[in-house]
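# An overview of the molecular structure
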Amino acid sequence: MDSGGSTHSRSLLRSATVSELAQYLSLTIALGGLQFVWSVETGFGSLYLLSLGMKKSHVSLVWLAGPLSGLITQPLVGILSDNCTAKLGRRRPYIIGSTFVVVLCLIIIGWTRELTGSRPLPTVWLAVVAFYVLDFAINCIQASMRALIVDSLPTSRQDAGTAWASRMIGAGNVAGYLMGFLDLVRLLPFLGSTHMQVLTSIASLALVATVAITCYFTTETPLARLPTQLSTSGSSSSSLRALGTIFTSIRSLPAAIKGVCRIQLFSWIGWFPFLFYGTTYVAHIYAATHTSLGSDDNSADLMEKGTRAGSLAMFAYAVSSLGFSLILPLFAYSSVSRTALRQRGARADTVSAFGRIRQVLRKVQQVVSVSLSRMWMVSLAVFSVAMLLTFVVSTVRGATWLIAACGFCWAVTIWVPFSIIGETISDYNSAERSMRDESRGDGYIPIESADIPMEELATGERRSNNAQLGREDTLQRSSDAGGLSAGTILGIHNVFIVMPQFITALASSLIFAFFEHANGPEPENPDRQHAHEIALVLRLGGISSVIAAYYAWKLRH
């Protein structure tokens, strides 16, 4: 009897594990498709715009689309989706609508010359507008997807959910940079006649397929509203007032999320130039090296080969990131995940050989694991060193190794901050929902949003579940006072990610413009000079990452 019961328990455990795995995959796979699109934009957008005849200093200004869209779109979409009452749910309508916009923009980018008859000025302007709209749509999908993960998973699984999101993003990176390295026109001529056309076609198909999987297999409960909320939720003035509260509420964020935002502010000053100019940096080093060696190739051929070398470096970085995203979550913990690990260890199957092996592995995890904030600090320090080493690196191989090493840093960056935020939101949301369930009376309508009173978040205080007096009044005050939900908090967090891009875009544009003026139109070795200019921007990001590492060291979670 005991043996049969033990076998049945193990079978149930395996079934639950498979079910959770399927949920993680279906919930996060759309982020992989979205990252594929973003890797195409960041990895090949600069070179594409340069091929249309834009100056490097002007290309830097084009990438202001990212911070503009992030500053406006993610907070706005966050708060609008928090209050969306569509039958599909709160997040999926925005994900589906934005996906169609992304596909349209990708088609325009791939066929810009054909649409404008190859006229220089209209071609450039159409490409710039398409990139701007593309950034707005990408940010809309990203904001909705991140909020969907927080909505769909309990506190104990937020860490695992964000870890799976980072793995999907890593897989999207690998696929995107691999496609850039391959000769796609020869392999897939039916998708386009140029490399960019085939890339945008594949990116469109990948995004549509992954979004379809996520939206089909992820269910949302339509948001129920109290009658008083229904009468005012549709007014544009209330939406604008709510949007304004996002920026005025930044000072009231909980300590953990406020610390994350401070770190992101400095760390992304380093990440944006790396992501947008990493391929170009290696490409110019390749062209400069072969020019110095007296290569017979013309400048266009050298840049084409250099672009492939840059794509290979970014592909190595993407593979490194994916590998670390699979391994690192096993050796990092938060307060919630470490408690869950200990509980699983206590309940572990110790009868079978496989169960005993898992027990040993979990004990090893408990011994060698480090906190999320410490792992983040180490990754920022590694990134800073890698960027500062551009002082001494002058070969394609050396630059490739530096870029590949940053895969570790990127795996942490796309996982740890969202894990901390998700656990914080979910933890407070669970307490709120528990209190509301106990206070339920006649006519009560459950509200599934993650409403969080800001005054409680800022102080870290929670109401006792056993408190009875004044509870209904507190609930009403929470709803009326404009507590923050998952989409809103993630929108605020994104503001601190996109603000550094304003700084980076303007600073890099000024640096490039200065050297364009100082060196004249025909420098002795233009590719060497361009690589030096980009390396200077990367070093400034490395210095900023030192500050971010300091704040990560001070972060307590």
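Further up the page is the structure itself.
In short, a report on the structure. (Residues numbered from 1 in each chain as written. Predicted model: local features only at pLDDT ≥ 70, side-chain atom pairs only at ≥ 80, totals over all residues. Heavy atoms only, no water.)

### What about the overall build of the protein chain?
Using the following cut-off: Numbering of helices and strands runs from the N terminus, with a helix taken as a DSSP run of H or I at least four residues long and a strand as a DSSP run of E at least two residues long. Every residue pair with non-hydrogen atoms within 4.5 Å of one another is taken to be in contact. For every accessible area listed, the method is Shrake-Rupley and the probe measures 1.4 Å; residues are considered covered only by the protein chains on display.
Scanning the protein chain from N- to C-terminus turns up 22 helices and 2 strands. A separation of at least 24 residues holds for 83% of the contacts in the protein chain among residues at least 6 apart in sequence. Just so you have it, the protein chain exposes about 24,300 Å², and 65% of that area is on carbon and sulfur atoms.

### Things to note about the packing of helix 3 (residues 65–82) against helix 6 (residues 120–152)
When two helices pack together, their arrangement is given by the angle between the helix axes and by the axis-to-axis distance. Our working rule: Here the axes come from fitting lines to C-alpha atoms, over the contacting stretch only for helices, and the angles between their N-to-C directions go from 0 to 180 degrees. Take the far helix as your reference; a near helix turned counterclockwise from it by less than a right angle gives a left-handed crossing, and one turned clockwise gives a right-handed crossing.
In contact at an axis separation of 8 Å, helix 3 and helix 6 are set at 40° when each is read in the N-to-C sense. The handedness of the crossing between helix 3 and helix 6 comes out as right-handed. Taken together, the residues of helix 6 that come into contact with helix 3 (itself represented by Ala65, Gly66, Leu68, Ser69, Gly70, Ile72, Thr73, Gln74 and Val77) are Phe131, Tyr132, Asp135, Phe136, Asn139, Cys140, Gln142, Ala143 and Ser144.

### So, the packing of aromatic side chains
Counted only if it meets this: Working definition: a ring pair exists when centres of Phe, Tyr or Trp rings (six-membered ring for Trp) sit within 6.5 Å. Plane angles under 30 degrees give stacked, over 60 give edge-to-face, the rest tilted. Classification of residues uses two cut-offs on accessible area relative to the type maximum, computed with a 1.4 Å probe and protein chains only: under 20% is buried, over 50% is exposed, and between them is partly exposed. For a ring to carry a charge above it, either NZ of a lysine or CZ of an arginine must fall within 6 Å of the ring centroid while also lying within 35 degrees of the normal to the ring plane.
Under the defined criterion, the tally for this structure stands at 18 aromatic pairs. Ring centres of phenylalanine 274 and tyrosine 317 lie 5.3 Å apart, and the angle between their planes is 70°; on these two criteria the pair is classed as edge-to-face. Within this pair, whereas phenylalanine 274 is found in helix 12 (residues 255–292), its partner tyrosine 317 is found in helix 13 (residues 299–327), the two being separated by 43 residues in sequence. Residues phenylalanine 274 and tyrosine 317 agree in their burial class; the two are buried. The ring centre of tyrosine 551 lies 5.4 Å from the NZ or CZ of arginine 262, which sits over that ring. The lysine or arginine in question, arginine 539, covers the ring of phenylalanine 391, its NZ or CZ lying 4.1 Å from the ring centre.

### A look at the state of the cysteines
Rules: Sulfur atoms of two cysteines make up a disulfide when they are within 2.5 Å.
A complete count under the given rule lists 0 disulfides for this structure. As a non-bridged cysteine, cysteine 406 has cysteine 409 as the owner of its nearest cysteine sulfur, 5.1 Å distant. Taking the relative accessible area as the measure of exposure, cysteine 409 reaches 1% and is therefore buried.

### Comments concerning the packing of helix 4 (residues 92–110) against helix 9 (residues 195–217)
Spelled out, the test is: Orientation is classified from the angle alone, with under 35 degrees giving roughly parallel, over 145 giving roughly antiparallel, 65 to 115 giving roughly perpendicular, and any other angle giving oblique. For this scheme, ten residues count as nonpolar: Ala, Val, Leu, Ile, Met, Phe, Trp, Tyr, Cys and Pro. Four count as charged, namely Asp, Glu, Lys and Arg, and the remainder, Gly too, count as polar.
Across the interface, helix 4 lies against helix 9 with an axial gap of 9 Å and an inter-helix angle of 170°. Accordingly, the angle class assigned to the pair helix 4 and helix 9 is roughly antiparallel. Side by side, helix 4 and helix 9 meet where Arg92, Ile95, Ile96, Thr99, Val102, Val103, Leu106, Ile109 and Gly110 of the first sit next to Met196, Gln197, Thr200, Ala203, Ser204, Leu207, Val208, Val211 and Cys215 of the second. Its residues assigned to classes, the contact of helix 4 with helix 9 shows 12 nonpolar, 5 polar and 1 charged.

### Brief notes about the pattern of salt bridges
Put simply, the test is: Salt bridges are identified by distance alone: a Lys or Arg side-chain nitrogen within 4 Å of an Asp or Glu carboxyl oxygen.
A full pass over the atoms with the stated rule returns 5 salt bridges. Close ionic contact of arginine 91 with aspartate 82 constitutes a salt bridge, the shortest N to O distance being 2.9 Å. An identical accessibility class is assigned to arginine 91 and aspartate 82; each is buried. Among the ionic pairs, aspartate 183 bridges to arginine 186, the shortest N-O distance being 3.8 Å. Residue class for aspartate 183 comes out partly exposed when judged on its relative accessible area of 32%.

### A few points about the side chain of serine 39
Our working rule: Two N or O atoms form a polar contact when they lie within 3.5 Å of each other; inside protein one atom must be a possible hydrogen donor and the other a possible acceptor, and for residues adjacent in sequence the pair counts only when both atoms belong to side chains.
With respect to the element layout, serine 39 can be found in helix 1 (residues 2–51). Within the structure, serine 39 has its side chain in polar contact with the backbone oxygen of phenylalanine 36 (distance 2.7 Å). When neighbours within four sequence positions are excluded, serine 39 is seen to be in contact with Phe44, Gly172, Asn173, Gly176 and Tyr177.

### As for unusual backbone geometry
Phi at serine 118 is positive, roughly 65°, even though this residue is not glycine. With a relative accessible area of 48%, serine 118 lands in the partly exposed category.

### Digging into helix 4
The periodicity of an α-helix, 3.6 residues per turn, causes residues three or four positions apart to be oriented the same way. For clarity, the cut-off: Each helix should span, by expectation, one fewer than its residue count multiplied by 1.5 Å.
Under the 1.5 Å per step criterion, the end-to-end length of helix 4 is 27 Å for 19 residues, consistent within 8% with the ideal 27 Å. Within the span of helix 4, buried status applies to Arg92, Ile95, Ser98, Thr99, Val102, Val103, Cys105, Leu106, Ile109 and Gly110.

### Comments concerning a nonpolar patch on the surface
The test is simple: A patch is a set of surface residues, each over 30% in relative accessible area and not in a salt bridge, joined within 9 Å for like charges and within 5 Å for the nonpolar side chains Val, Leu, Ile, Met, Phe, Trp and Tyr.
The grouping of Val101, Leu121, Trp125, Val129 and Val133 at the surface amounts to a nonpolar patch, some 470 Å² of accessible area in total. The greatest single-element share of the nonpolar patch, amounting to 4 residues, is contributed by helix 6. Take leucine 121: it is sitting in helix 6. The class of leucine 121 is exposed, set by a relative accessible area of 58%.

### Some details on the nonpolar core
To keep things clear, this is the line we draw: Here, the term nonpolar core denotes a set of buried Ala, Val, Leu, Ile, Met, Phe, Trp, Tyr and Cys residues that are joined through side-chain atoms within 4.5 Å.
Among the nonpolar cores identified, the biggest contains 126 residues, and Leu49, Val102, Leu134, Phe274, Tyr281, Tyr317 and Trp410 are the most heavily contacted of them. Counting residues per element, this core draws most heavily on helix 12, which supplies 18 residues.

That's the geometry; what it means functionally is another story.
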